[in-house]
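# Understanding the architecture of this molecule
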Amino acid sequence: MIGKAKSCIGGFSLFNYVIDDEKGMELLRNNLCGETSIELMREMQIIQNLNQKATNKLISMVLSPHVDDGEKFSKKQLQNLTKEFLKELEIDVENSQFIAFLHTEKRHRHIHILLNRVDENGRLLKDNYIGKKAQWAAHRVAEKNGLISAKQIRIDKIKASEDLTSDSKNLRKEIYQKHLKVMESTPITI
């Protein structure tokens with residue numbers, strides 16, 4: 001599972017890309033009632049206008065289960081994964097304004113989440129290192145649910161590389177020891 005997130009301005013093209021019935025289906029929403037992408041964007045902008053200081057008032061996230069894992073999930077399981085992911089990012093799932101949309105147009109199913117950074121009091125949700133936090137949140141959710149995690153795959157590859165390096169060093173050492181043993185006998189020919 002891979003998690004990505006970044007704060008952005010959020011415009012019509014982003015909403016139009018994420019909320020496209022030809023690409024998939026709506027998975028989850030909270031505190032939104034609009035039907036079209038423009039209605040949803042304008043509904044979020046009403047709350048975003050409470051904070052005039054910030055420019056990046058939207059967090060765009062992608063939660064992407066491994067191809068093998070993504071195919072076996074039901075809609076309800078994907079909704080639960082999305083909520084777990086948001087909770088791992090310390091986002092109040094009950095009061096935040098967001099929409100999650102499942103893209104199924106490819107074999108690799110993934111969830112796009114558009115989250116309003118501005119709450120109903122005009123305060124901003126912190127976005128410091130949100131990309132890294134999303135990676136680790138996806139890793140923790142994958143571990144909890146026994147899923148394949150991109151972080152774990154990477155860690156396993158590093159360990160395998162270290163083992164290979166160690167094996168290579170041991171082989172060179174063994175060849176060198178045999179070379180020394182042969183040289184002790186002072187051979188005359190090759």
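Per chain, the residues get numbers from 1 upward, laid out in the order the sequence is written. It should be noted that, the model being predicted, local features are given only for residues of pLDDT at least 70 and side-chain atom pairs only at 80 or more, the latter also being counted only at that level, while totals for whole chains, interfaces and linings use all residues. Values shown for side chains rest on all heavy atoms present in the structure; no hydrogens or waters enter the calculation.

## So, the pattern of salt bridges
Put simply, the test is: Throughout this description, the term salt bridge denotes a Lys or Arg side-chain nitrogen within 4 Å of a carboxyl oxygen of Asp or Glu. Accessible area is worked out with a 1.4 Å probe on protein chains only. A residue is then buried under 20% of its type maximum, exposed over 50%, and partly exposed in between.
Per the counting criterion, the structure on display carries nine salt bridges. Notably, a salt bridge pairs Asp69 with Lys72, separated by 3.5 Å at the nearest N-O pair. Since its relative accessible area comes to 56%, Lys72 is described here as exposed. Linking Arg123 and Asp119 is a salt bridge whose minimum nitrogen-to-oxygen distance equals 3.6 Å. On the accessibility criterion, Asp119 (25% relative accessible area) is partly exposed.

## Overview of the layout of surface pockets
Picture a little ball the size of a water molecule; that probe, rolled over the atoms, points out where space is still empty. Short version of the rule: We place a 1 Å grid over just the protein atoms. Points where a 1.4 Å probe fits but has no way out form a cavity, open points with protein on both sides within 12 Å along at least 5 of 7 lines form a pocket, and any residue with an atom within 4 Å of a point lines it. Grid points are joined across faces, edges and corners, and a volume is the space filled by probe spheres set on the points.
Taken as a whole, the largest pocket encloses approximately 270 Å³ of empty space. As for the largest pocket, its lining consists of 17 residues, of which Asn95, Ser96, Val118, Asp119 and Glu120 are closest to the centre. Its volume calculated, the second largest pocket comes out at about 220 Å³. As for the second largest pocket, its lining consists of Met1, Ile2, Gly3, Lys132, Gln135, His139, Ser149, Ala150, Lys151, Arg154, Ile155 and Ile158.

## Comments concerning the packing of helix α4 (residues 75-88) against helix α5 (residues 130-144)
Which entries qualify depends on this criterion: To get an axis, fit a line to the C-alpha atoms, keeping to the stretch in contact for a helix; angles then go from 0 to 180 degrees between the N-to-C directions. Only DSSP runs of H or I reaching four residues or more are called helices, and only runs of E reaching two or more are called strands; each is numbered from the N terminus. For classification purposes, angles smaller than 35 degrees are called roughly parallel, those larger than 145 roughly antiparallel, those between 65 and 115 roughly perpendicular, and all remaining angles oblique. Definitions for this section: a left-handed crossing has its near helix turned counterclockwise from the far helix by less than a right angle. A right-handed crossing has that turn clockwise. Whether two residues are in contact is decided by their heavy atoms: any pair within 4.5 Å suffices. Each residue gets one label: Ala, Val, Leu, Ile, Met, Phe, Trp, Tyr, Cys and Pro are nonpolar, Asp, Glu, Lys and Arg are charged, and the others, such as Gly, are polar.
Where α4 contacts α5, the two axes come as close as 9 Å, and the packing angle between them is 130°. Taken together, the axes of α4 and α5 are oblique relative to one another. The element α4 and its partner α5 pack so that their crossing is right-handed. Note on element contacts: α5 touches α4 through Ala134, Ala137, Ala138, Arg140, Val141 and Lys144, opposite Leu81, Glu84, Phe85 and Glu88. Considering only residue class, the contact of α4 with α5 consists of six nonpolar, no polar and four charged.

## Regarding the nonpolar core
Put simply, the rule is: Remark: nonpolar core denotes a set of buried residues (Ala, Val, Leu, Ile, Met, Phe, Trp, Tyr, Cys) joined through side-chain atoms within 4.5 Å.
Counting 28 residues, the largest nonpolar core has Met1, Met61, Phe85, Leu89, Ile111 and Ile113 as the members making the most contacts within it. Sorting the residues of this core by element identifies β2 (24-30), β3 (58-64), α4, β4 (98-103), β5 (110-116) and α5 as the ones contributing at least two each. With six residues, α5 is the largest single contributor of residues to this core. Once residues within four sequence positions are removed from consideration, Leu89 is found in contact with Met61, Ile130, Lys133, Ala134 and Ala137.

## Observations concerning the side chain of Ser64
Rules: In protein, a polar contact means a hydrogen-donor-capable atom and an acceptor-capable atom, both N or O and within 3.5 Å, with residues adjacent in sequence counting only if both atoms are side-chain atoms; elsewhere, any N or O pair within 3.5 Å suffices.
Tracing the backbone through its elements, the reader meets Ser64 in strand β3. Only 2.9 Å separates the side chain of Ser64 from the side chain of His108, close enough to count as a polar contact. Every residue in contact with Ser64, bar those within four places of it in the chain, is listed here: Met1, Ile2, His108, Arg109 and His110.

## What about the side chain of Ser7?
Here Ser7 shows up in strand β1 (residues 2-8). On the basis of relative accessible area, Ser7 is assigned to the buried category, the value being 18%. Side chain to side chain, Ser7 and Asp127 meet in a polar contact 2.6 Å long. In this structure Ser7 touches Asn56, Leu58, Ile59, Arg117, Asp127 and Ile130, once residues within four positions along its chain are discounted.

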